[in-house]
Amino acid sequence: MNSSIPLRAMAALFFFTLMLLQVPAVRSADSATMPAPTDRLIVQMREPGAGAQLASTLAAVAGVELSYIRAFDEDTHIFGLAQALPHAEVEALAERLRDDPEVLLATPDTLLFPAFEASDPLYQEYGWPLWAPALGSYGIDLSRAWDLTQGDPNLVIAILDTGALLNHEDLIGRHLATNPGYDMLSDLARAGDGNGRDPDPSDPGDFVTSNEAASGQPLAGCTVSDSSWHGAHVAGIIGATANNARGIAGVNQSSPLLYLRVLGKCGGYISDIADGVRWAVGLNVSGLPRNPNPARVINMSLGGSGTCNSFLQQAINDANNQGAVVIAAAGNSNQAADTYQPANCGGTITVAAVGRTGWRARYSNYGPLVDLAAPGGDRSVDTQIFSTVNSGRTVPVNDSYSAYQGTSMATPHVAGVVSLMLAVNPALTAAEVLSILQATATPFPAESSCIGLCGAGILNGGAAVDAATRRAYSSIALAQLHPLSLHFGGQLLGTASATQLLTLSNRGGQPLTASALQFSGAFRRQGGTCPNQFPFTLASEMSCTFGVIFNPDTIGQQVGQVLLTSNSVASPHSVPLSGEGLVAAATFSPAALSFAQQQVGTQSASQRITLASTGSAPLTIQGITISGDFVRSGGNCPTTFPAALAAGQSCTLDVRFVPTTATRTRGLVSLSSNALAAAAPVGLFGTGSAPALGFNPLALTFAPQIVGTTSPTQSITLSNPGSAPLSLEALSLTGDYERVGGSCATSFPATLAALASCSVEVRFVPTRRGTQEGQLSLFSNVPGGPYGVALHGNGLAPALSLTPQQIHFGGQTVGSPSLTQTLILSSTGDVPLQIAALTLDNEAF
Ligand SMILES: [Ca+2]
Ligand SMILES: [Ca+2]
Ligand SMILES: [Ca+2]
């Protein structure tokens, strides 16, 4: 083996020189590049027989050492060379073998490779390949196709590639649980999973390390690279789960994916690929159990230079004869596809790649062998094609997504659409599929670099599936209800949803007679353009609409269906209906609030109530009322109505107690809303408190008192029989009365506690005679004041009167006395008159 090391290295060098310089092929005038070097030959003998004994015989014919690898068929065998040789040399050996009369056919067992170019995952918008074609964006109009079918669960799609990521989040469950496919790699070094062929097609990674590619190693001369996850990327384009809020959407949502692992590290042998084709369609492959789930669609996003290998061609013919449609990548070498296999094999639909703009992707092969083009991405003008991969650079690590470009990415778009065409019209042959694809293709935009070079146009999935449907149903009536289901979302109990339209179309060639439309569940018809009376007839290609509303009467998820009975094939047609009955509900917490005793006319501190919207529908609040001696003081609940509180949300109400009476009082916080059951109001409790004022006695009478003298003191008791402190603001006395003491405050303001009392000592100091009224007044916080005590007293004083007021004596002789006249002095006062002196102020009297 040591002697082969330099030869291997030289062979690899030779291969890459040819690739880089684009040297014309030795044997084929119209082949611009050479297939990769190989170390294997496929030889078909004229008679069946054990191949192992043929090795030495054929080695003598070929003039080189040959080892027996395995049986390809009962008459066909794979032989190994001592080292990989350039394709031309292996072809020369094959030609020598073909000259042997025992040999029917001999070819190099060429290596083929994934037809893609990976790149950094830079993508802002990656959905364009599936969108409807529009100026400047040439997608495949998948939504139109999906109106007709999302795939047939009984139709199998085979993917011949690097293997599967069976548990990728966007691919899990998309293969048959009992049959994920097969690992066809027979070469241990390329397989990388520790064995040869096995029933697990999982992709362990197709990375090539520098050690593996080193001189003398089995993969000597291979390009050192990270794992591509190419097979998973292709599988995602065909069948990644849509509408799962993850990753991407594949073209087909129902048909199982069957993985044939035929490419490993540094490509895969044509013999393994041909076996993969045969196994995929349920044909016998030497040494393997038969595939119990034959595929109708085969995707081959792979290839390599060279004319179509006859063994591969035979396998493709066999697959076609089994009814399978084979779709192959045109190749990425920017040259005519007739130099690239299996694109140049008969019985394949060969797919070139366009970028978003509908121009040929700069790498895409082209030419007369190309049947049509499909989105493959072109990083020089668009975002490439985004699909399912793994983040591992060698072995699998985490689910991931990445944007690749290539005819590898264009091909699965076609394979996916073909699977949808066969879902609506299983009778189509491969030739009919191709003719429909070409007839319905979107024309290349004006001046596109693809015109005349990339087949009939750009894949139009919507038009192709539609045409496949029409072809199937030209002689019958075919009712189609669109959309495939109606979802109404949440709807408040007892209310009707907005109307959604269901379109009835007659896709068949004969008149459709609709005889009944029945609803189940909380759904019913509401208008639409279809007649109200049944039966009615719809001509071919005509459509009308039924309006549908959801009017729930029970809470929670609800399903129903609309069932159309007609003369259509597959009648009755049903459309699932779904919706959720929602209810608004509200609760207050806590159930009651108790406030501390609060003085009348003052306000308490706030206490908080929480209002929660506990139903499944938004709570519409019509109002929040608070009764009794309570007021709202804040919180974030709405203050203007109506207002909405989303389901699950809550808000707060702050409430104060503002008593108006000194009693225990009760109030309520109540809600007016759309809640099905009214929220229990919150009880509010509090006791008002107030001061009171009492006097004892209520009036005070003093004994008569001589003016200018001071009476004995009398006591007035002032009491607060209330429940709040009494504020004493001032105490005043009017009249001839004065305060001389007592326990009540003497400076103001002052406070008299609830249930306390004090005294005021008062005396009477009359300044004049007679009745003297006075008042003790108390100014306080008791409403309606001031209140007071009336004071009564009587001032006493002496008085006199003289009668008459004047005395006249008349003329009188000097020296002689007059007659006596009498002057009467009377004591007219309240007390005895004390006479201190009586004087006359003229000596003549
Ligand atoms: Ca294996
Ligand atoms: Ca395996
Ligand atoms: Ca998805």
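Check the entry above for the structure.
From a predicted model like this one, the values you see are computed outputs, not experimental measurements. (Residues numbered from 1 in each chain as written. Chains lettered and ligands numbered in written order. Predicted model: local features only at pLDDT ≥ 70, side-chain atom pairs only at ≥ 80, totals over all residues. Heavy atoms only, no water.)

**Student:** Before we go on, may I ask you to explain the coordination of the calcium ion (ligand 1) in this structure?
**Tutor:** Geometrically, a metal with four donors at the corners of a regular tetrahedron has ideal angles of 109.5 degrees, and one with six donors at the corners of a regular octahedron has ideal angles of 90 or 180 degrees. The calcium ion (ligand 1) binds to the protein through Asp183 (OD), Asp193 (OD), Asp193 (OD), Asn195 (O), Asn195 (OD1), Gly196 (O) and Asp198 (OD); the donor distances cover 2.1 to 3.0 Å. Here the calcium ion (ligand 2) and the calcium ion (ligand 1) are spaced 3.5 Å from one another, each receiving a donor from Asp183. Of the two residues, Asp183 is situated in strand 8 (residues 181-183) and Asp193 in the loop between helix 5 (188-191) and helix 6 (230-239); the sequence distance between them amounts to 10 residues. (Donors = N, O, S within 2.8 Å, 3.2 Å for Na, K, Ca; no water. Helix = DSSP H or I, 4+ residues; strand = E, 2+ residues; numbered from the N terminus.)

**Student:** Can you help me understand unusual backbone geometry in this one?
**Tutor:** The general pattern is negative phi for most residues beyond glycine and trans for most peptide bonds. In this chain, His482 is followed by Pro483 through a cis amide linkage whose omega measures 0°. Within the secondary structure layout, Pro483 lies in the loop between strand 19 (479-482) and strand 20 (486-492). Cis geometry is found at the peptide bond from Phe534 to Pro535, where omega equals 0°. Its location among the elements puts Pro535 in the loop between strand 23 (523-525) and strand 24 (536-538). Positive phi, normally seen in glycine, also occurs at Trp229, with a value near 55°. By the element assignment, Trp229 lies in the loop between helix 5 and helix 6. Here the phi dihedral of Ala570 falls at roughly 70°; this positive angle occurs in a residue that is not glycine. Of note, Ala570 is situated in the loop between strand 26 (556-566) and strand 27 (573-582).

**Student:** Would you explain helix 11 (residues 461-472) in this entry?
**Tutor:** Given 3.6 residues per turn, any residue in an α-helix points the same way as the ones three and four places further on. Given a rise of 1.5 Å per residue, 12 residues ought to cover 16 Å, and the 16 Å separating the end C-alpha atoms of helix 11 matches this to within 8%. Taken as a whole, helix 11 has its buried residues at Gly461, Gly462, Ala463, Ala464, Val465, Asp466, Ala468 and Thr469. Packing partners of the buried residues in helix 11 comprise helix 4 (142-146), helix 9 (407-424) and helix 10 (430-440). With a side-chain oxygen positioned 3.2 Å from the backbone nitrogen of Gly462, the residue opening helix 11 is Asn460. (Expected span 1.5 Å × (residues − 1). Buried < 20%, exposed > 50% of the residue type's maximum accessible area, 1.4 Å probe, protein only. Contact = heavy atoms within 4.5 Å. Polar contact = N/O pair within 3.5 Å; in protein donor to acceptor, adjacent residues only side chain to side chain.)

**Student:** Any chance you could explain the state of the cysteines here in plain terms?
**Tutor:** A covalent bond bridging the sulfur atoms of two cysteines is what the word disulfide describes. The final tally for this structure, using the stated rule, is 6 disulfides. The residue that forms a disulfide with Cys530 is Cys544, at a sulfur-sulfur distance of 1.9 Å. The sign of the 90° torsion about the S-S bond sets the Cys530-Cys544 disulfide as right-handed. Highlighted residues: Cys530 in the loop between strand 23 and strand 24 and Cys544 in strand 25 (residues 543-550), separated in sequence by 14 residues. Covalent S-S linkage joins Cys637 and Cys651, the inter-sulfur distance amounting to 1.9 Å. Taking the torsion about the S-S bond as the criterion, the Cys637 to Cys651 disulfide, at about 90°, is right-handed. Placement of the pair is Cys637 in the loop between strand 33 (630-634) and strand 34 (643-645) and Cys651 in strand 35 (residues 650-657), with a sequence separation of 14 residues. Both residues of the pair, Cys637 and Cys651, belong to the buried class. Here the cysteine-cysteine linkages of the chain are recorded as 1-2, 3-4, 5-6, 7-8, 9-10, 11-12, numbering only bonded cysteines and doing so in sequence order. (Disulfide = S-S within 2.5 Å.)

**Student:** Sorry, what's going on with the pairing of strand 12 (residues 302-305) here?
**Tutor:** Consecutive residues of a regular strand have side chains that alternate between opposite faces of the sheet. Pairing analysis gives 2 bridges linking strand 5 (residues 111-114) to strand 12, with the strands arranged antiparallel. Opposite Pro114, over in strand 12, you have Leu302 as the bridge partner. Inspection of the sheet shows strand 12 paired to strand 14 (residues 340-341) by 2 bridges, in the antiparallel sense. For Ser305, the partnering residue across the bridge sits in strand 14 and is Tyr340. (Pairing = 2+ DSSP bridges.)

**Student:** Even after reading the chapter, I still don't get helix 7 (residues 270-280), so can you show me in this structure?
**Tutor:** Most of helix 7 is tucked away, with 11 of its 11 residues classed as buried. For helix 7, the full list of buried residues reads Ile270, Ser271, Asp272, Ile273, Ala274, Asp275, Gly276, Val277, Arg278, Trp279 and Ala280. Just beyond helix 7, the residue with positive phi is Gly282, at close to 90°.

**Student:** Teacher, can you tell me more about the pattern of salt bridges here?
**Tutor:** Where side chains of opposite charge bring their charged atoms close, a pairing between them can arise. Tallied over the entire structure, the rule returns 21 salt bridges. The residue Asp272 makes a salt bridge to Arg197 at a minimum N-O spacing of 2.8 Å. Of this pair, Asp272 sits in helix 7 while Arg197 sits in the loop between helix 5 and helix 6, and the two are 75 residues apart along the sequence. Accessibility assignment for this pair places Asp272 and Arg197 in one class, buried. Taking the shortest distance from any N to any O, the salt bridge between Arg278 and Asp318 comes out at 2.5 Å. Placement of the pair is Arg278 in helix 7 and Asp318 in helix 8 (residues 310-321), with a sequence separation of 40 residues. The two residues Arg278 and Asp318 agree in class, both being buried. Because the salt bridges share partners, they merge into one network encompassing Arg144, Asp466, Arg470, Arg507 and Glu541. (Salt bridge = Lys/Arg side-chain N within 4 Å of Asp/Glu carboxyl O.)

**Student:** Whenever I open this one, the environment of Leu731 confuses me. Can you help?
**Tutor:** Checked against the element boundaries, Leu731 lands in strand 42 (residues 726-734). As for Leu731 and Leu41, which are separated by 690 residues in sequence, their C-alpha atoms are 129 Å apart.

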